[in-house]
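Results of the structural survey
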Amino acid sequence: MKPFTKLDGLVAPLDRANVDTDAIIPKQFLKSIKRSGFGPNAFDEWRYLDVGQPGQDNSKRPLNPDFVLNQQRYQGAQVLLTRDNFGCGSSREHAPWALEDYGFRVLIGPSFADIFFNNSFKNGLLPIRLDVAEVDELFRQCEATEGYRLIVDLAAQTITRPDGKAIGFDIDPFRKECLLNGWDDIGLTLRHADKIRDFEQKRRAQHPYYYA
Amino acid sequence: MAAQTLYEKLWSSHVVHEEADGTALIYIDRHLVHEVTSPQAFEGLKLAGRKPWRISSIVATADHNTPTDHWERGILDPVSRQQVETLDANIREVGSLAYFPFRDERQGIVHVIGPENGATLPGMTVVCGDSHTSTHGAFGCLAHGIGTSEVEHVMATQCLLQKKSKTLLIRVDGQLGKGVTAKDVVLAIIGRIGTAGGTGYAMEFGGSAIRALSMEGRMTICNMAIEAGARAGMVGVDETTIDYLKDRPFSPTGEAWGQAVAYWRTLKSDEGAQFDKLIELKAEDILPQVTWGTSPEMVTTVEGRVPDPAAVADPVRREGVERALKYMGLEPNTPITDIEVDQVFIGSCTNSRIEDLREAAAVAKGRQKAANVRRVLVVPGSGLVKRQAEEEGLHEIFVAAGFEWREPGCSMCLAMNADRLEPGERCASTSNRNFEGRQGAGGRTHLVSPAMAAAAAVTGHFTDVRQLA
Ligand code: SF4
């Protein structure tokens, strides 16, 4: 996994609650057996005027001028501002893959759906929960200022606004460590292989019917 | 010992290791695998030179991409076919306890085949790269959906990294009215607490109305726990659970059965156990439900009307309602029963089990698909459900009513195969998600129970099933 330490990135606002994973990456693109290449189809149904199909040349498709991420001022954004319950719906990891492939590294919102939240960390994507009032203010500032950027410092757990105000955020210490170092969960877990084996042996003895 | 909730019992019996911040390694008993979320995990495993930890924990099937008609033709869409064949090849190479490939007589939706084969047993931790894994919690399991990285993690280590959730008890007491089903109960719950109401919680369903439900009904409710934001839903074990599991293919037998049942009977929340949050509903207050918007929380009763955004005070919510009505092509204040449908879908891991099909057939019997309804799809959840329904003659009722009787699979729940809505088409659907484009780009989905779906099919618009005696 790509480590995440510090980012000074352009911000884009997606002012909707309950953005679901079907919207982030529609199902026809789930037929791919790869992990990469989903970026051009992130938010496909909102982003383009036609219906997208896998394997298409996306550069030739008509863009929806009303979709916020299509505005010139947000091109190259690495930070996405969102509303409540972002990433609800299916467990498809294709959603964080698509966001990451699009270029986002940080998501900021009042709340995220559990599975999506979890999947993001596995892909070097940092979801940050802030109070609704803080998020409101970020939306306000971002929409009012072209080229609005935020500095996200994971080690210090701060988001610094252009006006100099630093906002602190919470993150599980374990997740933070993994993200800062770009550690692979599986490698970490396998350090406990003996413990897993012991646990399994005891469980097998106590509940043999789970091992038929 | 202090009184414990079911979740605490399941959690503590699976902790292998705990980090200082509470992140724990949880041992996984059952790993269900399907074609969409597994290829990248198998590939990752191979690239890292790792082997699966315990092959006998894996039960796999192909369901999302498979067609529901003309099986003799195979899978026509080459991209879908490649994904299904990739699963075939991966399972062939790696191994599994059981694999029900495309066209196998026991193939079906992953959340239908696990329980009906006894591969989901009380006390297990069950995971699958699919959010509706919460379904299996109906058996007193700790079951949740995981992403593809976690699928790979479970294959390689037999564990999942997790933090303990808070606990939420949803109590539904009393007796459900005639024509009111488990689907209506869970939609009413989501309408009450919202789609993020359960975020961060493990949700247990209890109370006399839940106890009175069959396993099929409990699965319907746990299935949609994720639609209320909860990664896991569960119901404590009782005699209904145990009776259901007796003599299933992977259920224990002989002495092991007795031993298992003795343990399973302990898998319920103790008297006086403390939950972090409690929500109570009266069964008598629940009426047949119909969603009107693009999120399962946008729901009302069949006696209700489409809401008026002008009456919504919160600006973010008002905009959400306006956007939903625009997408759904609905005018504020329209009575729900005035809404006409173009298609009806009876199926999905929420409502494709034998009891669901019986409920739909009871309404369809002796009636005809309304002329304005273009198509009614009835898609059984598995090959075994299909066989059972045919033994009971349900398929004849459907066919006589002008419904299409299909082969098992996910079908128009997410429209990855050829079954889908055309842009602008409106559907009464027994599935679990009414998101924009879920059943086909531009399609409009209203979530209902199987009986309500059948009622819409024969009348051409939403109809209170209680009036179709
Ligand atoms: S039936 Fe629908 S919700 Fe269930 S597993 Fe299939 S696609 Fe997912």
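Residues numbered from 1 in each chain as written. Chains lettered and ligands numbered in written order. Predicted model: local features only at pLDDT ≥ 70, side-chain atom pairs only at ≥ 80, totals over all residues. Heavy atoms only, no water.

Within an unreviewed UniProt entry, the label attached to chain B reads 3-isopropylmalate dehydratase large subunit, and the organism entered is Thauera linaloolentis. Quoted verbatim from the Sequence similarities (unreviewed entry) field of the UniProt record, the comment on chain B reads "Belongs to the aconitase/IPM isomerase family. LeuC type 1 subfamily." (UniProt positions renumbered as here; feature names shortened; annotations may be inferred.)

As recorded in an unreviewed UniProt entry, chain A goes by 3-isopropylmalate dehydratase small subunit and comes from Thauera linaloolentis. Taken from UniProt, the Catalytic activity (unreviewed entry) comment for chain A reads in full: "(2R,3S)-3-isopropylmalate = (2S)-2-isopropylmalate". Note on chain A: under the UniProt heading Function (unreviewed entry), the record states "Catalyzes the isomerization between 2-isopropylmalate and 3-isopropylmalate, via the formation of 2-isopropylmaleate."

A count of helices and strands for chain A gives eight helices and seven strands. A buried classification covers 58% of the 212 residues belonging to chain A. Within chain A, counting contacts between residues at least 6 apart in sequence, those at least 24 apart form 63% of the total. Carbon and sulfur atoms form 48% of the exposed surface of chain A, whose accessible area is close to 8,600 Å². Averaged over its 28 positive side-chain charges, chain A has a centre that lies 5 Å from the centre of its 30 negative ones. (Helix = DSSP H or I, 4+ residues; strand = E, 2+ residues; numbered from the N terminus. Buried < 20%, exposed > 50% of the residue type's maximum accessible area, 1.4 Å probe, protein only. Contact = heavy atoms within 4.5 Å. Areas by Shrake-Rupley, 256 points an atom, 1.4 Å probe, with all protein chains shown as cover. Lys, Arg positive; Asp, Glu negative; His and termini not counted. Charge placed at Lys NZ, Arg CZ, Asp CG, Glu CD.)

Residue and element names in this part refer to chain B. Domains assigned within chain B are domain 1 (6–164 + 239–261), domain 2 (166–238 + 269–285) and domain 3 (289–467). Between the C-alpha centres of domain 2 and domain 3 there is a distance of 22 Å. Domain 2 puts 20 residues into the contact, and the matching count from domain 3 is 25 residues. Between domain 2 and domain 3 lies a buried interface of about 1,700 Å² when both sides are counted; carbon and sulfur atoms form 55% of it. Taken together, domain 2 and domain 3 are joined by one salt bridge. With its nearest N and O atoms 2.6 Å apart, the salt bridge here joins Arg433 to Glu227. On the surface where domain 2 and domain 3 come into contact, there are 11 residue pairs in polar contact (both at pLDDT 80 or more). Counting residues per element, the ones that place at least two in the side of domain 2 that touches domain 3 are α6 (182–193) and α8 (215–223). Ranked by residue count, the leading element in the side of domain 2 that touches domain 3 is α6, at six residues. The residue inventory of the side of domain 2 that touches domain 3, partitioned by class, reads six nonpolar, nine polar and five charged. (Domains from an automatic or database assignment. Buried area = accessible area lost by both parts, 1.4 Å probe. Salt bridge = Lys/Arg side-chain N within 4 Å of Asp/Glu carboxyl O. Polar contact = N/O pair within 3.5 Å; in protein donor to acceptor, adjacent residues only side chain to side chain. Nonpolar A, V, L, I, M, F, W, Y, C, P; charged D, E, K, R; others polar.)

A few words on the domain arrangement of chain A. In terms of domain boundaries, chain A breaks down into domain 1 (6–181) and domain 2 (184–212). Taking only C-alpha atoms into account, the centre of domain 1 of chain A sits 36 Å from that of domain 2 of chain A.

All names here are of chain B. The UniProt record annotates "binding site: [4Fe-4S] cluster" (unreviewed entry) at Cys349, Cys410 and Cys413. Spatially, the listed residues are clustered: although they cover 65 residues, their C-alpha atoms lie within 8.6 Å of one another. For the largest cavity, the lining residues drawn from the annotated set are Cys349, Cys410 and Cys413. Looking at the element boundaries, Cys349 is found in the loop between β15 (343–346) and α12 (354–364). (1 Å grid on protein atoms, 1.4 Å probe; cavity = no way out; pocket = protein on both sides within 12 Å on 5 of 7 lines; lining within 4 Å.)

With that out of the way, let us pick up the interface of chain A and chain B. Each partner contributes residues to the interface: chain A has 58 residues there, and chain B has 75 residues. For the pair chain A and chain B, the summed buried surface comes to about 5,500 Å²; carbon and sulfur atoms form 56% of the total. Where chain A meets chain B, there are seven salt bridges. Taking the shortest distance from any N to any O, the salt bridge between B:Arg50 and A:Asp184 comes out at 3.3 Å. The tally of links from chain A across to chain B stands at 40 residue pairs in polar contact (both at pLDDT 80 or more). Looking at the side of chain A that touches chain B, the elements with two or more residues in it are α2 (44–47), α3 (94–102), α4 (114–121), α6 (173–181), α7 (185–190) and α8 (193–206) of chain A. When residues in the side of chain A that touches chain B are grouped by element, the largest group, nine residues, is from α8(A). Here the side of chain A that touches chain B is built from residues that sort into 21 nonpolar, 15 polar and 22 charged.

This paragraph deals with α4(A). An α-helix turns once per 3.6 residues; consequently, residues spaced three or four apart project the same way. Of all eight residues that make up α4(A), seven are buried, and the element is covered over most of its length. By the burial criterion, the buried members of α4(A) are A:Ile115, A:Phe116, A:Phe117, A:Asn118, A:Asn119, A:Ser120 and A:Phe121.

Counting residues in each nonpolar core, the largest one holds 109 residues, and the members touching the most others are A:Phe43, A:Phe86, A:Ile108, A:Leu126 and B:Phe398. Not counting chain neighbours up to four residues away, the residues in contact with B:Phe398 comprise B:Leu357, B:Ala360, B:Ala361, B:Ala364, B:Val378, B:Phe403 and B:Trp405. Counting 106 residues, the second-largest nonpolar core is a separate cluster that includes B:Leu10, B:Ala138, B:Ile146 and B:Tyr244. (Core = buried A, V, L, I, M, F, W, Y, C linked by side-chain atoms within 4.5 Å.)

All names here are of chain B. Applying the stated criterion to the full structure yields 41 salt bridges over all chains. The partner of Asp464 in a salt bridge is Arg466, and the shortest N-O contact between them spans 2.6 Å. One network of salt bridges, in which partners are shared, links Asp69, Glu404, Arg406 and Asp419.

Residue and element names in this part refer to chain B. Surveying the vicinity of the ligand reveals the residues His64, Ile109, His111, Asp130, His132, Ser348, Cys349, Cys410, Cys413, Leu414, Asn432 and Arg438. A molecule is said to occupy a pocket when more than half its atoms come within 2 Å of that pocket's grid points, and by this definition the ligand occupies the largest cavity. Residue composition of the shell around the ligand, by class: five nonpolar, five polar and two charged. (Near = heavy atom within 4 Å. Sits in = over half its atoms within 2 Å of the grid points.)

Next up on the list: the sheet that holds β15(B). Residues and elements named next belong to chain B. Spatially, β17-β16-β15-β18-β19 is the arrangement adopted by the five strands of the open sheet, whose pairing is parallel. At either end of the open sheet lies a strand with only one pairing partner, and these are β17 (404–405) and β19 (444–447). Note that β15 and strand β18 (residues 426–429) share three bridges and pair parallel. Following the sheet pairing, Val344 is matched in β18 by Ala428. (Pairing = 2+ DSSP bridges.)

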